[in-house]
Structures are given as structure tokens and as C-alpha cells.
Number of protein chains: 2
Amino acid sequence: MSKAKAPRRTRAETPKGFRDYFGPEVTARNEMLARIAAVYHRYGFDPLETSAVETVEALGKFLPDVDRPNAGVFAWQEEDDKDWLALRYDLTAPLARVAAQYRNDLPSPYRRYAMGPVWRNEKPGPGRFRQFYQCDADTVGASTVAADAEICAMLSDVFEDLGLGGDYVVRINNRKVLNGVMEAAGVLDPSEPERFAEERGIVLRAIDKLDRLGEEGVRALLGAGRKDESGDFTKGAGLPDAAADIVLAFTAARRDSGAETCAVLRGLVGASVIGAEGVAELEEMARLLEAQGYGPDRIVIDPSVVRGLGYYTGPVYEAELTFEILDEKGRKKQFGSVAGGGRYDDLVKRFTGQVVPATGVSIGVDRLLAALTAKGRGAETVQGPVVVTVMDKARMAEYQAMVGELRRAGIRAEVYLGNPKNFGNQLKYADKRGSPVAIIQGSDEAAAGVIQVKNLILGAKIAESASLEEWKARPAQVEVARADLVKTVQAMLDDPL
Amino acid sequence: MSKAKAPRRTRAETPKGFRDYFGPEVTARNEMLARIAAVYHRYGFDPLETSAVETVEALGKFLPDVDRPNAGVFAWQEEDDKDWLALRYDLTAPLARVAAQYRNDLPSPYRRYAMGPVWRNEKPGPGRFRQFYQCDADTVGASTVAADAEICAMLSDVFEDLGLGGDYVVRINNRKVLNGVMEAAGVLDPSEPERFAEERGIVLRAIDKLDRLGEEGVRALLGAGRKDESGDFTKGAGLPDAAADIVLAFTAARRDSGAETCAVLRGLVGASVIGAEGVAELEEMARLLEAQGYGPDRIVIDPSVVRGLGYYTGPVYEAELTFEILDEKGRKKQFGSVAGGGRYDDLVKRFTGQVVPATGVSIGVDRLLAALTAKGRGAETVQGPVVVTVMDKARMAEYQAMVGELRRAGIRAEVYLGNPKNFGNQLKYADKRGSPVAIIQGSDEAAAGVIQVKNLILGAKIAESASLEEWKARPAQVEVARADLVKTVQAMLDDPL
């Protein structure tokens, strides 16, 4: 016997894991994206906007650490043809679909950028949302690593243009080198590519956790396995010690210069053909980037970068912000990764049957915006509107005429449209809106052909600190002729204090 | 016995009813939205970006002509708490949710604008998509019709700023007047508001079809009903002739001036209190708008505007583009409606239990963009990048250095990253990209310290029309010192012909 639920009012709630962005947040993000788009544009990249919805089939199953079909995405079934549709979980899968669908019309190579929300059906947590922005740039149809180098250079330019020069590093590596190391470590057999796939997955994930688990933890995962603090056991890759040494030496192969790092890597991959190819690609990228002036202070070869995603086939890269912030416990830590990408030569092949080379990067927009804010390099504060108060409801047309004049002069302005009875509420409203100036005209002023112009910025400052003398010497409110409205407000905005 | 399906390659297809936007389409829309946002900003409106996903409960059931729950939206059920989530079908429902959820934090009145995609789970058709852009501006918390007048004035300013002056008209009406007419026609009983609801729905939809069906068709729907060309019968409202006359007189009540129109309306609503209130509101809006210089050539009272949506409670408005285009059969027709809105004082009440007055407009972004394009007022064409061709793969670093120099001078530039073997393909690529200039440097040129700079715009023009003499007198390709790259390209871009 279940109790009938009491009927209740509709809940006014954002769904769990989703959020709203208000005025300044929207403006700041748009400005940042416009600055990034300008760099992408300068490099010859064209915008592309695909729909939020894709067929589940086209999206494929490329989310990291997700084995179940459709897990990780928001999906539903069409009523008529029973197709499954889903919200895109990144901007790369839709690009692969577009590159295949329009392959006869698009220029080749096709350089495109895309900015927009993506959706992940994951458990929401603090600061972890199920809709977030990405900002990607990819080149499809270029097999040369010059395309990868270009993406890294462009990423570096983005950070420079955002005012983060000296505060970032782009780290590059190559999956082929990693495969060479796997071969040397005995978990990759070029004549039987599918063999040891599970072991390689474990090795990849272990390396990706180096930051968090340290060398010892990674060594355990490379070997028999690892028990974490909670007592849970993670199965290891089962590598013998000598093989684990090779993998660990790989992650620690970074030296002062790209050439030195490459020399170490060449030793580690031994006789592996694919490994040698990867080292050669890294060398070529380093050479191209050095020639363009992107030294190791900006773009550096770092073998500890592997990127979690399974679909990368060659160069991989990651951008990290190196300045320190305080974590939730007040300890200093590096801001960390804000962008990552790499080469994925097989994604388009799913559709076309032919290998279509592709490489690209994805910037985590919300994290980068948080970084800009932390560094004080976010957007300038948007000024509130001039508020024309309503002293006399019957004179609304005249108040509207005032804001009309102000707007035609390019000044943001509005009439107070709430209940005008309580004048204090009107000034509170102006305060909440961040208004720089308020206009007041009651019937006496109207009869005399004048208006009161109240400098709210100066007023706030005086209220904070000024002495009575200063207050008298520079009043925050002036009475001027109605005809001088625009002139007076403009002067106040130009020089509020 | 069903046949087993043959396995097939993943289809590279946009889902039915969805589309992709490429380079110039994305740019043109973003530019138009930025221009609209500038007007909204000047009027004191703040941006708001809600998530694409809402609970079905919060969205409510306000799609026109949809009676089944969840019909018309893309919805799915959460795995854990079994909540139903859905993609927003407009930007008004999320605003109502936000206005309720943050009512203690937002300024009141709250002026906000929103731009973004919305989704409708409808049968796709030609030019009818299931994801499309809207661009809304609403004022929540202002009961005065000055707020409605402001939205109409702002809409007018938007069209003026987009270069559509003289090509549009904003038509306004008031639901209360319509209710007064319904009362006079005997299908609204103020003491029993729910009575005749079905009849009123039929009347509303009939008036909304005036353009399409003409007076005779509407009269049939107001009376016994109407059989269309296909033989399908639509049930009518069952109004006696005299009552239908009142409704039809209402739709035809537009006169040359707002004052005259209001006088006619006052006669039609007879003794209805709500009707008289509506006429007074229309008069007040006309007075405010006239005082601000928005004459009937820009904003006009037109009783034939009713707007389909059931939730409007007072003023309703619609913007129409009046210039002619050719329809699919080559016949001239007016471009038609691109924006509409009105006052909806009950939407927020669903959440709060209290009436929160609200009014706002929604611009159909894709239609407005099509109109701008038709009028030749769309965005300027985006110029393609300067293409540095690859004559010698080993010299890639030098080609990269060239584009680096060009970009630092603010010039859009890229290296050709496809297979460089076939030089003709490189020039075809530059052509497809709309490149203004191509740079060529083979080993001979490199040894001599020079480059070839090819003016592709002039080249195309010469190929079209020039005589041999002109060709010789002004070659489209010049050889200059490597050091003069930027200077030469810049001069060519500034004055291509």
C-alpha cells in the first residue's frame, strides 16, 4: 500500500550537473573565445558548427574508460525509425563524420575550428558538470607532422595572445615512440597487433597516472597490480621488472633539449621500426618548431605525456599552465592541463574505409577561463546602464525619450520599470545593476526644465572615505538643464572621480 | 523468417532534420548576433546562458498544438533518479525557471537576452530543422506596458541597425482586447473562465490562419467548420453569424492611426471590462512609442496579430519584413514574420505560486539571416588565407617561417600541408580556399634569396577578361627579395587590382 504523493509546485531547478551562466560569465567566455578564434583564423582555420545531436552510430564509442555501449552519453531512441540519437560528447567525433560526409566538397587539407558545448552523462560532482564548452582546432587530410607542429605553435600563440606568456608549456610526445617502447618491453608484437591489447591498455593508463601515483605506484600497475588506500585492487599489466624499467625510463626520458631527449628515446625503442619512426617524427617536429622560434620554454618534448584516449596514432600534445594556485586545502599547486590533443589517423576511416590523416587539439574552455580569472587577465567588467528613475508615472514618455537620447549617443541606458512608488528601491536597483549614473526628474524639475544627474561611482567613493569638506567641494549630484543630459552623463562616464 | 542484415560501414550522416554550418555561415550568424547583442546591451539587457538540458517538469507543456506529454521535445530518463530530462524547445521556459530559481539574487525588473540553439522533436521537412537558433530579449518583473513598448522599440532598433530600415514593421496587439471581443461574441464568460475554452482555442487558431485561409476560410472555422482541399474537415467554434462578424471585424480593425484603430476596438469590445483594459494598454503603448518617434511606419497597432501560443496574457507583437522575395514557384511574396513575442504573466507563477509579470520577444535567427542575405546586407565575405606553397618538402621550416612572419603582421596565412608532389593541386587548393595570394619558392629561388608572389585575385580577373597586352603590362606574379615578403603581400592585399 503506497501512500499517494502530495501534489507539489513545479521545482525551479537546473537539472543535476548542469549550470546557468549569467551576464559577466557569458561576456567573459565570449570574449576569450573571440580572441582564440582570431588566432585560429590567422592560421587559416575556418569555423564549423555541427548540430548538438548525432546518431549514436556516428559518434562511436571513444570516451575514455567506458566499455558499455551508450554509456557516458545522453541518448534516446527516435520514434519512427528507431535510430538512436545522442548529444555529442566532444567536437572530434562530429568532425570525423563531417570530414567523411563532405569529403568531395571540403578543401583538403581541411583546417577547421569549432567552439561549443558538449555533454557527458557522468555522475556530477563539485566543479564537474555534464555540459561544458570545448574549443577545438583540427587539420584533416595532412599526414605530415608539420600539421601537428602547426597546431602546437598555434596553441602557444593562443596562450601568448591571452596574456599567459611565460605561464604555460606545450608538452609533446608520440604514440609511436610509446609503441616502440611497448615492443621493447615485450607487450607489442607488430606481426600480431591485437595480442597484448589489454596489457597495453593497462600500461597506458598507468603512465597517465604518473602525476598522481608516482613512480612506485606506476611500477606496481606495470607489474602484478596495485592496492589503493581504500583496499581496492587494480590488476597490473604483468610486466617483468626489466620491461617495467624500460617503460619507466621512457616516462623519465625528458632532457634539457629536444635533441637529447630524442637520443634517449632512440636508445629505449631499440630495434622497433615503429619506435624509430616515432622518434624521427618527434625530431622533425622539434626542428620545425625551433626554426619558428618556439623554444623548449614554450613547447617541449616530454615522454611522460601519453593522453588517455585510445584513438591517437602519432604525435600527442598537452598544454599546461605552470603558475601556482591554492587548492581547496590552501596548498600551492600548479594550475595544470587546459588543453590536449594529438593525431588520430583512423577516426574518419570508420566511415570511409580509407585512412584519412587528422590531428587536432581541444581546449577546456571553462578551465582556461578560470585560469585567466585567477591571473587577472579575464574580460573587463561590463559597466551597468545609466538608470533613469521614475518620479512621476504619468511622465513615462519623457523618461523614455531620455534613454532614447542616451542610447543614440552610444550610452547604455534604461528606465526603471519596476513599481516606482518606493524611490529607495529604484536606487537599490541601480546599485544592483552596477549603474554609474542615475537621472532624476520630478514634477518640480520638469517644470523648471532641469534634471538631477547623480554620479553613483563618485557617490559610493565619497560614502566610503570622504570628509564633509570633500563632500561639499565635489557633490556627487548636479542639477543641469534637460538639454544637457547627454553631455553631462558623457562627461561623468569619461571621468567619474 | 527475417533475413539477416548485411553488416555495413558506419554512415556519415547528419541525423534527419539536423544540419551543419560551415565557415561563412557560422561567421555571418555570429556577426549578426553580435550586432543584435549590441542593441540589447545598449538597452540595459544582460546576457544569460542556460544549459541546453532542463527537467521536463521545468519545461512544461507550452508548445503550440501539442497535447501529448513530452511530444515535441527530445527527452530521456535519468538512470539513477528516473527524472525525465529534455532539450529546451525555446528560451522562454528556461528563463521562467531561472527567474524563479534566482529570484532573490536577480535585479528586479530583470532584463536579459539569450542566444542559442533550441530543439523541436518534429517531423523534419524542406527548410524545417529540428535544431535552430533563437535570439530572445525579455523583461521579468515589470507589469507596466512601458516594458512591452520598450521591447518593440528595441526590436525596431535591431532592424534599423541591421540595415533593414524601411523594410520592416512591428505589429502590436493585445490579448485582453481579443478576450473582450470573445466576451462580446459570447465565448468568454468572466465569471466562468474555463467555460468555452475549446471554442476560444479554435477562434484563436482560426484568426492566426487569416493570412493563409482568407476571410471566408476563417469565417467557416468560426462557424460550423471547414473542409480543406484534401477533404479533411476541421471542426469550427460554432459561433452564430453575428458573433463571427464581431471576431472578423476585430481582425480587420486596423486603421491609419493607432488612435483610430483603438476607437474601432473600443466599439467592438462593448461592455467587456477586460476588453476595455486591453484597449487602454494599446493606447498607452502607442502613446509611448509615438513620443519616442516610432511612428506607424515602424510600429503599428494591428488587431490581426494574435500569436499562436496559449500563454500570452496582454500585449502581443510580431515583426514582419515587408520586402518581396520570390517563392519556390517564382511568384513574388512578402518575406514575412521573423520575430514575435508578448506578455506572459503566468509562466513564472508555475514555480513560485505568485504572478511574476514578464514580456519578451524571440527572433528567428535563421530566417532573419536569410533575409539579410536576400537584401545583400549579410556579413562581408571572409577572405581566404595567403597560401605558401611547398616546392621542396625539405624546406618546410622555411615555409613555416614565412607564414609566421605574415601572421605576426596580422595577415591570415597558411602553408600547404597536403601532399606537395602535384603543384597544380596546391593552386587548386588555394583557389578552393579563396586565397588572395600564393607564395612560391623552389630551390632556385631559395638559392637566389627571392620568392614568387602570385596575385590570385588579379590572376583570376586577367584570365576572365584581359588582353595579352594587359597581361604583359601587369603580370599577376612578381619576383621579390625574400626579405620583402610581408611588404609585397600587404601591398597586394591592400590593392589587388
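Residues numbered from 1 in each chain as written. Chains lettered and ligands numbered in written order. Predicted model: local features only at pLDDT ≥ 70, side-chain atom pairs only at ≥ 80, totals over all residues. Heavy atoms only, no water.

**Observations regarding the overall build of chain A**
Where we set the bar: Secondary structure elements follow DSSP: runs of H or I no shorter than four residues count as helices, runs of E no shorter than two count as strands, and numbering proceeds from the N terminus. Throughout, the radius of gyration refers to the C-alpha atoms, and the reference size of a globule is 2.2 Å times the residue count to the power 0.38. Summary of the burial criterion: residues with accessible area below 20% of their type's maximum are buried, those above 50% are exposed, and those between are partly exposed, where the area comes from a 1.4 Å probe applied to protein chains only. In this description, contact between two residues means that some pair of their heavy atoms is separated by no more than 4.5 Å. His is not counted, nor are the chain ends; Lys and Arg add positive charge and Asp and Glu add negative charge. We put the charge of a Lys on NZ, of an Arg on CZ, of an Asp on CG and of a Glu on CD.
When helices and strands are counted, chain A shows 18 helices and 19 strands. Since a compact globule built from 497 residues should have a radius of gyration of about 23 Å, the 30 Å found for chain A marks it as more spread out than a globular shape. When its C-alpha atoms are laid out on the principal axes, chain A stretches across 95 × 70 × 55 Å. Residues classed as buried in chain A amount to 54% of the 497 residues present. Summarising the internal contacts of chain A: among those between residues at least 6 apart in sequence, 67% fall at separations of at least 24. Where the 65 positive side-chain charges of chain A centre and where its 73 negative ones centre are 6 Å apart.

**Some remarks on the side chain of Thr 27 of chain A**
Locating Thr 27 of chain A in the fold gives a position in helix α1 (residues 23-42). Apart from residues lying up to four places away in sequence, Thr 27 of chain A is in contact with Val 382 of chain A together with Pro 47 of chain B.

**Description of the sheet that holds strand β4 (residues 75-77) of chain B**
All names here are of chain B. Formally: Note on pairing: DSSP must find at least two bridges between two strands before they are called paired. Interaxial angle, 0 to 180 degrees, is taken between N-to-C directions of lines fitted to C-alpha atoms, where a helix line uses only the stretch in contact.
In space, the 3 strands of this open sheet follow the order β3-β5-β4, with antiparallel pairing throughout. The outermost strands of the open sheet, each flanked by one partner alone, are β3 (53-55) and β4. Pairwise comparison of adjacent strand axes, ignoring direction, gives a mean angle of 30° for this sheet. Bridge count between β3 and strand β5 (residues 84-87): 3 bridges; the pairing is antiparallel. Considered in β5, the bridge of Glu 54 is made with Ala 86.

**Things to note about the pairing of strand β14 (residues 358-364) of chain B**
Residues and elements named next belong to chain B. Across the 7 residues that make up β14, a large majority, 6, are buried. Here strand β7 (residues 131-140) pairs with β14 via 7 bridges, running antiparallel. Across the sheet, residue Thr 139 finds its bridge partner in β14, namely Thr 359.

**Details of helix α14 (residues 423-432) of chain A**
Using the following cut-off: Arc, as used here, means the arc of the directions from the helix axis to the C-beta atoms. Polar contact is defined as a pair of N or O atoms within 3.5 Å, subject to the rule that within protein one atom must be able to donate a hydrogen and the other to accept it, and that residues adjacent in sequence are counted only when both atoms are side-chain atoms.
By the burial criterion, the buried members of α14 of chain A are Gln 426, Tyr 429 and Ala 430 of chain A. All buried residues of α14 of chain A lie within an arc of 100° about the axis, which places them on one face of the element. In α14 of chain A, the exposed positions angled more than 90 degrees off the buried face are occupied by Lys 428 and Asp 431 of chain A. Of the surrounding secondary structure, the elements contacted by the buried residues of α14 of chain A are β15 (386-388), β16 (413-415) and α16 (456-465) of chain A together with β6 (110-119) of chain B. Capping the start of α14 of chain A, Asn 422 of chain A holds a side-chain oxygen 2.9 Å from the backbone nitrogen of Gly 424 of chain A, two or three residues further along. One or two steps after α14 of chain A, the chain reaches Gly 434 of chain A, where phi turns positive at roughly 65°.

**A word on the relation of the copies chain A and chain B**
So the rule is basically this: Least-squares superposition of the copies uses the C-alpha atoms of those residues scoring a pLDDT of at least 70 in each of them.
With an RMSD of 0.1 Å, the operation that places chain A on chain B is a rotation of 180° combined with a shift of 0.0 Å along the axis. Both chain copies can therefore be described as sitting about a two-fold axis. Looking at the rotation axis and the C-alpha trace of chain A, the residue lying nearest is Trp 76 of chain A, at 2.9 Å. Take the interface residues of chain A: 100% of them recur as interface residues in chain B, which is what a same-surface contact looks like.

**So, the pattern of salt bridges**
As a reminder, the rule being used: What makes a salt bridge here is a side-chain nitrogen of Lys or Arg within 4 Å of a carboxyl oxygen of Asp or Glu, nothing more.
Applying the stated criterion to the full structure yields 72 salt bridges over all chains. Put simply, Arg 19 of chain A and Glu 25 of chain A hold a salt bridge, and the shortest N to O gap is 2.9 Å. As a salt-bridge pair, Glu 283 of chain B and Arg 266 of chain B come within 3.0 Å of each other at their nearest N and O atoms. One end of the pair, Glu 283 of chain B, is in helix α10 (residues 273-291); the other, Arg 266 of chain B, is in helix α9 (residues 258-269), and 17 residues separate them in sequence. Several salt bridges share partner residues, and in doing so they unite Asp 46, Arg 111 and Glu 150 of chain A together with Arg 407, Arg 412, Glu 414 and Arg 433 of chain B into one network.

**Re the sheet that holds strand β4 (residues 75-77) of chain A**
All names here are of chain A. With respect to topology, 3 strands assemble into an open sheet ordered β3-β5-β4, the strand pairing being antiparallel. Unpaired on one side and paired on the other, β3 (53-55) and β4 mark the two borders of the sheet. Strand-to-strand twist of the sheet, defined as the mean angle between neighbouring strand axes without regard to direction, takes the value 30°.

**A word on the interface of chain A and chain B**
Many authors give the size of an interface as the accessible area that is lost as the parts come together. The line we're drawing: Residue classes follow a fixed rule: Ala, Val, Leu, Ile, Met, Phe, Trp, Tyr, Cys and Pro count as nonpolar, while Asp, Glu, Lys and Arg count as charged, and any other residue, Gly among them, counts as polar.
With 96 residues of chain A at the contact, the number on the chain B side is 96 residues. Inspection of the chain A/chain B interface yields 18 salt bridges. The shortest N-O distance in the salt bridge between Asp 83 of chain A and Arg 11 of chain B comes to 3.6 Å. Where chain A meets chain B, there are 43 residue pairs in polar contact (both at pLDDT 80 or more). Among the elements that make up the side of chain A that touches chain B, the one with the highest residue count is α1 of chain A (6 residues). The class makeup of the residues in the side of chain A that touches chain B is 45 nonpolar, 23 polar and 28 charged. Across 2 bridges, strand β2 (residues 46-49) of chain A lies against strand β1 (residues 21-22) of chain B in antiparallel orientation. Across the sheet, the residue bridging to Leu 48 of chain A is Phe 22 of chain B, located in β1 of chain B.

**As for the environment of Thr 50 of chain A**
The topology assignment puts Thr 50 of chain A in the loop between β2 and β3. As a C-alpha pair, Thr 50 of chain A and Ala 99 of chain A span 49 residues in sequence and 12 Å in three-dimensional space. Other than its neighbours up to four places away in sequence, Thr 50 of chain A contacts Arg 88, Pro 94, Arg 97 and Val 98 of chain A together with Arg 19 and Asp 20 of chain B.

**As for helix α9 (residues 258-269) of chain A**
Residue and element names in this part refer to chain A. Just so we agree on the cut-off: A helix is expected to reach a length of 1.5 Å times the quantity of its residues less one.
For α9, with 12 residues, the first-to-last C-alpha span of 16 Å sits near the 16 Å given by 1.5 Å per residue. Every buried residue of α9 is listed here: Gly 258, Thr 261, Cys 262, Leu 265, Leu 268 and Val 269. Mapping the buried residues of α9 onto a view down its axis gives an arc of 115°, with all of them on the same face. When the buried face of α9 is taken as reference, the exposed residues oriented beyond 90 degrees from it are Ala 259, Ala 263 and Gly 267. If you follow the buried residues of α9, they end up packed against α5 (175-184), α8 (241-251), α10 (273-291) and β11 (299-301). One or two residues past the end of α9 sits Gly 270, with phi positive at roughly 55°.

**What to know about the packing of aromatic side chains**
As a reminder of what qualifies: Pairing of aromatic rings covers Phe, Tyr and Trp, the last through its six-membered ring, and needs centres within 6.5 Å; plane angles under 30 degrees mean stacked, over 60 mean edge-to-face, and all others mean tilted. By the criterion adopted, a ring carries a charge over it if an Arg CZ or a Lys NZ lies within 6 Å of its centre and within 35 degrees of its normal.
Going through the model one piece at a time under the given rule, you end up with 21 aromatic pairs over all chains. Aromatic side chains Tyr 40 of chain A and Phe 45 of chain A sit 6.4 Å apart centroid to centroid with 40° between the ring planes, which places their arrangement in the tilted category. Of the residues examined, Tyr 40 of chain A reaches a relative accessible area of 1% and is grouped as buried. Each ring, one from Phe 74 of chain A and one from Trp 76 of chain B, has its centre 5.4 Å from the other, and the planes form 40°; the classification is tilted. On the criterion of chain membership, the pair formed by Phe 74 of chain A in the loop between α2 (56-59) and β4 and Trp 76 of chain B in strand β4 is interchain, its members lying in two chains. In terms of burial, Phe 74 of chain A and Trp 76 of chain B fall into one category: buried. Put simply, the rings of Phe 18, Phe 74 and Trp 76 of chain A together with Phe 18, Phe 74 and Trp 76 of chain B pair up and form one aromatic cluster. Positioned above the aromatic ring of Tyr 21 of chain A, the side-chain terminus of Arg 19 of chain A is 3.9 Å from the ring centre. Of note, Arg 29 of chain B hangs over the ring of Tyr 21 of chain B, and the distance from its end group to the ring centre comes to 4.4 Å.

**Describing the packing of α9 of chain A against α10 of chain A**
Residue and element names in this part refer to chain A. Short version of the rule: Between 65 and 115 degrees an angle is taken as roughly perpendicular, under 35 as roughly parallel, over 145 as roughly antiparallel, and anywhere else as oblique.
Across the interface, α9 lies against α10 with an axial gap of 9 Å and an inter-helix angle of 170°. Regarding the angle of α9 to α10, the classification is roughly antiparallel. Between α9 and α10, the residues in contact are Cys 262, Leu 265, Arg 266 and Val 269 and Gly 275, Ala 276, Val 279, Ala 280, Leu 282 and Glu 283, respectively. A breakdown of the residues in the contact of α9 with α10 according to their chemical character gives 7 nonpolar, 1 polar and 2 charged.

**With respect to the confidence of the model for chain A**
Close inspection of predicted coordinates is inappropriate in any region flagged by low pLDDT. Residues and elements named next belong to chain A. In plain terms, the rule: pLDDT is a per-residue confidence score from the predictor, ranging from 0 to 100.
Looking at chain A as a whole, the pLDDT averages 90, with 94% of positions reaching at least 70. The model gives residues 65-69 a pLDDT under 50, and that stretch makes 3 contacts with residues more than four places away or in other chains. Predicted as a complex, the structure gets a pTM of 0.90 and an ipTM equal to 0.89.

**A closer look at unusual backbone geometry**
Residues and elements named next belong to chain A. Cis geometry marks the peptide bond from Ser 108 to Pro 109, where omega comes out at 0°. Take Pro 109: it is sitting in the loop between α3 (92-101) and β6 (110-119). Non-glycine residue Phe 196 carries a positive phi angle of around 65°. Checked against the element boundaries, Phe 196 lands in the loop between α5 and α6 (197-208).

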